[in-house]
Amino acid sequence: MFAISLGEDGAELRPLEPWHAEELLAHMDRGREFVGQFISFADKVTDLESSRSLLHLYMEKAATDTGRIYGIWTDGTLVGGLLFRTMDVKTGVAEVGCWLEPSAAGKGLVTRAARVIIDWAVEERGIHRIEWVVASENTASIAVARRLGMTRDGVLRESYPHRGKRHDMEIWSVLAPEWRAARQPS
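Keep in mind it's a predicted model, so treat the numbers as computed, not measured.

Draft legend 1. Spatial organisation of the nonpolar core. Residues Ile 72, Leu 82, Phe 84, Ile 118, Ile 130, Trp 132 and Met 150 are the most contacted members of the largest nonpolar core, which totals 34 residues. Those elements that provide at least two residues to this core are β3 (68-74), β4 (77-88), β5 (93-100), α4 (109-124), β6 (129-135), α5 (139-147), β8 (165-175) and α6 (176-183). Per-element tally for this core: the top contributor is α4, with eight residues.

Draft legend 2. Spatial organisation of the environment of Arg 115. Within the secondary structure, Arg 115 sits in helix α4. On the basis of relative accessible area, Arg 115 is assigned to the partly exposed category, the value being 27%. Separated by 65 residues in the primary sequence, Arg 115 and Arg 180 place their C-alpha atoms 11 Å from one another.

Draft legend 3. Local environment of the side chain of Arg 32. In this structure, Arg 32 sits in helix α1 (residues 21-35). When near neighbours in sequence (up to four residues on either side) are disregarded, Arg 32 contacts Leu 25, Ala 42, Val 45, Thr 46 and Arg 163.

Draft legend 4. Here's a closer look at the pattern of salt bridges. For the structure shown, the criterion picks out 15 salt bridges. A salt bridge links Asp 43 to Arg 163, with the nearest nitrogen and oxygen atoms 2.6 Å apart. Here Arg 163 lies in the loop between β7 (151-162) and β8 and Asp 43 lies in helix α2 (residues 41-44), a separation of 120 residues in the sequence. A salt bridge links Glu 95 to Arg 85, with the shortest nitrogen-to-oxygen separation between them at 2.9 Å. You can see Glu 95 sitting in strand β5 and its partner Arg 85 sitting in strand β4, a full ten residues away along the chain. Among the residues examined, Glu 95 registers a relative accessible area of 10% and is labelled buried. What makes Arg 85 partly exposed here is its relative accessible area of 40%. Connected via shared salt-bridge partners are Glu 33, Asp 43 and Arg 163.

Draft legend 5. The layout of surface pockets, seen in detail. There is about 960 Å³ of room inside the largest pocket. As for the largest pocket, its lining consists of 38 residues, of which Ile 39, Gly 97, Cys 98, Trp 99 and Asn 138 are closest to the centre. Secondary-structure elements contributing two or more residues to the lining of the largest pocket are α1, α2, α3 (48-63), β4, β5, α4, β6 and α5. Counting residues per element, the lining of the largest pocket draws most heavily on β5, at six residues. Looking at the lining of the largest pocket, its residues break down into 24 nonpolar, eight polar and six charged. By volume, the second largest pocket is sized at about 170 Å³. For the lining of the second largest pocket, the leading source of residues is α3, giving four residues.

Draft legend 6. Region of the structure containing the packing of α1 against α3. Their axes nearest at 8 Å, the elements α1 and α3 cross at an angle of 115°. Relative to α3, the element α1 lies roughly perpendicular. In the packing of α1 onto α3, the handedness of the crossing is right-handed. Across the interface between the two elements, Ala 21, Glu 22, Leu 24 and Leu 25 of α1 pack against Leu 48, Ser 51, Arg 52, Leu 54 and Leu 55 of α3. Split into classes, the residues belonging to the contact of α1 with α3 amount to six nonpolar, one polar and two charged.

Draft legend 7. Structural context of the packing of α4 against α6. Two elements in contact, α4 and α6, have axes whose closest approach is 11 Å; the angle formed by their N-to-C orientations is 125°. Considered as vectors, α4 and α6 are oriented oblique to each other. Where α4 crosses over α6, the two elements pack in a sense that is left-handed. Each of Arg 115, Ile 118, Asp 119, Val 122 and Glu 123 in α4 lies in contact with α6, whose residues at this interface are Ala 176, Trp 179, Arg 180 and Arg 183. When grouped by side-chain class, the residues that make up the contact of α4 with α6 number four nonpolar, no polar and five charged.

Calculation criteria
- Residues numbered from 1 in each chain as written.
- Predicted model: local features only at pLDDT ≥ 70, side-chain atom pairs only at ≥ 80, totals over all residues.
- Heavy atoms only, no water.
- Core = buried A, V, L, I, M, F, W, Y, C linked by side-chain atoms within 4.5 Å.
- Buried < 20%, exposed > 50% of the residue type's maximum accessible area, 1.4 Å probe, protein only.
- Helix = DSSP H or I, 4+ residues; strand = E, 2+ residues; numbered from the N terminus.
- Contact = heavy atoms within 4.5 Å.
- Salt bridge = Lys/Arg side-chain N within 4 Å of Asp/Glu carboxyl O.
- 1 Å grid on protein atoms, 1.4 Å probe; cavity = no way out; pocket = protein on both sides within 12 Å on 5 of 7 lines; lining within 4 Å.
- Points joined across faces, edges and corners; volume = space filled by probe spheres on them.
- Nonpolar A, V, L, I, M, F, W, Y, C, P; charged D, E, K, R; others polar.
- Axes fitted to C-alpha atoms, helices over the stretch in contact; angles between N-to-C directions.
- Parallel < 35°, antiparallel > 145°, perpendicular 65-115°, else oblique.
- Left-handed = near helix turned anticlockwise from the far one by under 90°.

Here you go:
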C-alpha cells in the first residue's frame, strides 16, 4: 500500500481498502452527524458489514476504473477521505467527493488531498472534467471547490433528498487545461 504525505503536519493520503472496514466504521461513528449533515455516506456505513460492503464496492470500481476511495490519516488515525464517486475514463469526466470528522475540519486536509487525486486523474487517467457536487448550504465544501480553482456551473434546485429535506445541489468543475495552468509555477 502507498501513503502520500499531505504536508509537514504528518497527514497522509492512502487507499481505503476492505481490510480498513473496522477503522472506517470507528471513524464514521466519531463523526456520523457531522459527516451526515449534507451527504448520505454516513448513513451507508452503519455497521461492520455495511462498511466492508462499501469498501468492496470501491475495490470493484477501482478494478473497473470507474471510481476510487482514499482515506486521510493524521497521527495514525483515519479522520476523513475523498473518493471518485464516478469516473468515466472514456468520456473524461469524474466526480470527486469528500468527508471529514469534526476533529479534522478546518486544517486544509481535503484541499491538499483533493489536489493529489485530481492531479492523478488529469495526468495519469486523462480525465478532462473534474466535478464537485455540493449542497448549497455546505459552505466548507464550497470553499474547497473555490480553493481548487473550480467554477460554479449551476444549481440543481431541490434535487437531493437527504434526511427529510430537499437540498439544492451546486455543480462545480475544473477542466484539465485550467487545472494544468493553475498548477504551473508563476
